[in-house]
Amino acid sequence: MSAEKTIFITGVSSGFGQALAKEAFAQGHRVIGTVRSESSLATFQALLPERAHGVVLDVTHFNAIDAVIAAVEDQYGPVDVLVNNAGYGHEGIFEESSLAEMRRQFDVNVFGAVAITKAFVPYFRQRRAGHILNITSMGGYITMPGIAYYCGSKFALEGISDALNKELAPFNIFVTAVAPGSFRTDWAGRSMQRTPRSISDYDATFDPVRKAREEKSGHQLGDPQKAARAMMTIIASPNPPAQLLLGSDALALVRDKLHRTAESIEQWEALSCSTDG
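This report concerns the structure included in the present document. Given the structure is predicted, the values throughout are model-derived calculations rather than measurements. The residue numbers shown here count from 1 along each chain, following its written sequence. The model is predicted, so local features are restricted to residues of pLDDT at least 70 and side-chain atom pairs to those at 80 or more, both for listing and for counting; the totals for chains, interfaces and linings are taken over all residues. With hydrogens and water set aside, each side-chain value is computed from the structure's full complement of heavy atoms.

**Observations concerning helix α6 (residues 203-216)**
Then comes step 1: The end-to-end C-alpha distance of α6, which contains 14 residues, comes to 19 Å, matching closely the 20 Å that a straight helix rising 1.5 Å per residue would cover.
Then comes step 2: Exposure is judged per residue with a 1.4 Å probe applied to protein chains only, and the accessible area is read against the type maximum: over 50% gives exposed, under 20% gives buried, and values in between give partly exposed. Comment: elements are numbered from the N terminus, with helices defined as DSSP H or I runs of at least four residues and strands as E runs of at least two. Along α6, the residues classified as buried are Phe206, Arg210 and Arg213. Buried residues of α6 fall within an arc of 65° about the axis and therefore sit on the same side. Turned more than 90 degrees off the buried face of α6, the exposed positions are Ala204, Lys211 and Glu215. One fewer than the residue count of a helix, multiplied by 1.5 Å, yields its expected span. Directions drawn from the helix axis to the C-beta atoms are what define this arc.

Have a look at this one:
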């Protein structure tokens, strides 16, 4: 990108948010990032004082968001790009996991992203310019045992992103759902919220999955900094895609899911069409 952009990123203390902020700085851009504590605020702003501006905000504090975004626009001028990165993974067998855990998962991963987006869209629409990146997951296309709530939240964000992209296209506003595969972030480590096991019937099928996920944490194929460079390429594009997979594992797994889905559609085509008329 030749011109400096102002990029608003939720969750810049770690993971993709931190990697993306650092890459944006390296390319000469300004970042306004949300953190959840004053200590994290100081740490982030110390990265590059003239270009790193922090905001203490929990994305689930829905009633505070509009005022915070209005203050950001007033203090720092027009935001060019919004990146909804804040989120976490919940791991737990569906039958064992409480509704409260599901609500928390959706509050952060879905409602938080939606609330931030709703606060920015009027500004983008008035300017007839803007780009929204929603960090989803390959878990927004495929599913794996033990992360039903997480996959549900990412499927929801994928659907919202795709519909919003079509609504905002007439105003020169782009929406890209970025779906990473397995990367060396804290997702499967300290950030993962795990429901304790309680039903022995699931031991044989799920305990090895949980153990493998824990052991793989920190050794995943994906490099977060390379993901950040890929996202900056999308931000620089005059015609960015509505969806972007990141990682060869995501590519292979999603392709396989789409192939199997196409086969199933063909297999049941006659029954599907039998309901017409």
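**A look at the sheet that holds strand β6 (residues 130-135)**
Then comes step 1: DSSP bridges decide pairing: two strands pair if at least two such bridges lie between them. The parallel open sheet is built from seven strands, whose spatial order is β3-β2-β1-β4-β6-β7-β9. The open sheet has two edge strands, β3 (52-56) and β9 (243-246), and neither has a second partner. Neighbour-to-neighbour, the strand axes of this sheet turn through a mean angle of 20°, independent of strand direction.
Then comes step 2: As paired strands, strand β1 (residues 6-10) and strand β2 (residues 30-35) are joined by five bridges and run parallel to one another. The residue bridging Thr10 from the neighbouring strand is Thr34, located in β2.
Then comes step 3: Residue contacts are counted whenever heavy atoms from the two residues lie within 4.5 Å of one another. To obtain each axis, a line is fitted to C-alpha atoms, and for helices this fit is confined to the stretch in contact; angles are then taken between N-to-C directions over 0 to 180 degrees. Here helix α7 (residues 224-236) sits on the sheet and contacts β1, β4 (81-84), β6, β7 (173-180) and β9; the angle it forms with β6, its principal contact strand, is near 150°.

**What about the nonpolar core?**
Then comes step 1: Here the nonpolar core consists of buried residues drawn from Ala, Val, Leu, Ile, Met, Phe, Trp, Tyr and Cys, with membership extended through side-chain atoms lying within 4.5 Å. One finds Ile7, Ile9, Val83 and Met231 to be the most contacted residues of the largest nonpolar core, which totals 28 residues.
Then comes step 2: Elements with a contribution of two residues or more to this core: β1, α1 (15-26), β2, α2 (38-45), β4, β6, α7 and β9.
Then comes step 3: Not counting residues up to four positions away in its chain, the partners in contact with Ile7 are Ala24, His29, Arg30, Val31, Ile32, Val81, Val83, Met232 and Ile235.

**Things to note about the environment of Met231**
Then comes step 1: With respect to the helices and strands, the residue Met231 is situated in helix α7.
Then comes step 2: Using a relative accessible area of 1% as the deciding quantity, one classes Met231 as buried.
Then comes step 3: Remark: the alpha-carbon pair of Met231 and Val110, spanning 121 residues in sequence, is separated by 20 Å.
Then comes step 4: Setting aside chain neighbours within four positions, we find Met231 in contact with Phe16, Leu20, Leu133, Ile135, Val178 and Leu246.

**Looking at the environment of Phe16**
Then comes step 1: Within the secondary structure, Phe16 sits in helix α1.
Then comes step 2: Phe16 gets classed as buried once you look at its relative accessible area, which sits at 13%.
Then comes step 3: Placed 70 residues apart in sequence, Phe16 and Ala86 show a C-alpha to C-alpha distance of 9.1 Å.
Then comes step 4: Filtering out sequence-adjacent residues up to four positions away, Phe16 remains in contact with Asn85, Ile135, Pro180, Phe183, Thr185, Pro224, Ala227 and Met231.

**Here's the deal with the pattern of salt bridges**
Then comes step 1: Salt bridge, as used here, is a side-chain nitrogen of Lys or Arg placed within 4 Å of a carboxyl oxygen of Asp or Glu. Applying the stated criterion across every chain, the model contains twelve salt bridges.
Then comes step 2: The closest approach of N and O atoms between Arg213 and Glu91, which form a salt bridge, is 2.7 Å. Highlighted residues: Arg213 in helix α6 and Glu91 in strand β5 (residues 90-91), separated in sequence by 122 residues.
Then comes step 3: Residue classification places Arg213 among the buried positions, given a relative accessible area of 12%.
Then comes step 4: In this structure Glu91 comes out as buried when scored by relative accessible area, which is 0%.
Then comes step 5: The partner of Arg194 in a salt bridge is Glu214, with the nearest N and O atoms 3.7 Å apart. Here the residue Arg194 occupies a position in strand β8 (residues 193-194), and Glu214 occupies one in helix α6, the gap between them amounting to 20 residues.
Then comes step 6: In this structure Arg194 comes out as partly exposed when scored by relative accessible area, which is 25%.
Then comes step 7: Using a relative accessible area of 41% as the deciding quantity, one classes Glu214 as partly exposed.
Then comes step 8: One continuous salt-bridge network, built from bridges that share partners, spans Glu91, Arg194, Arg210, Arg213 and Glu214.

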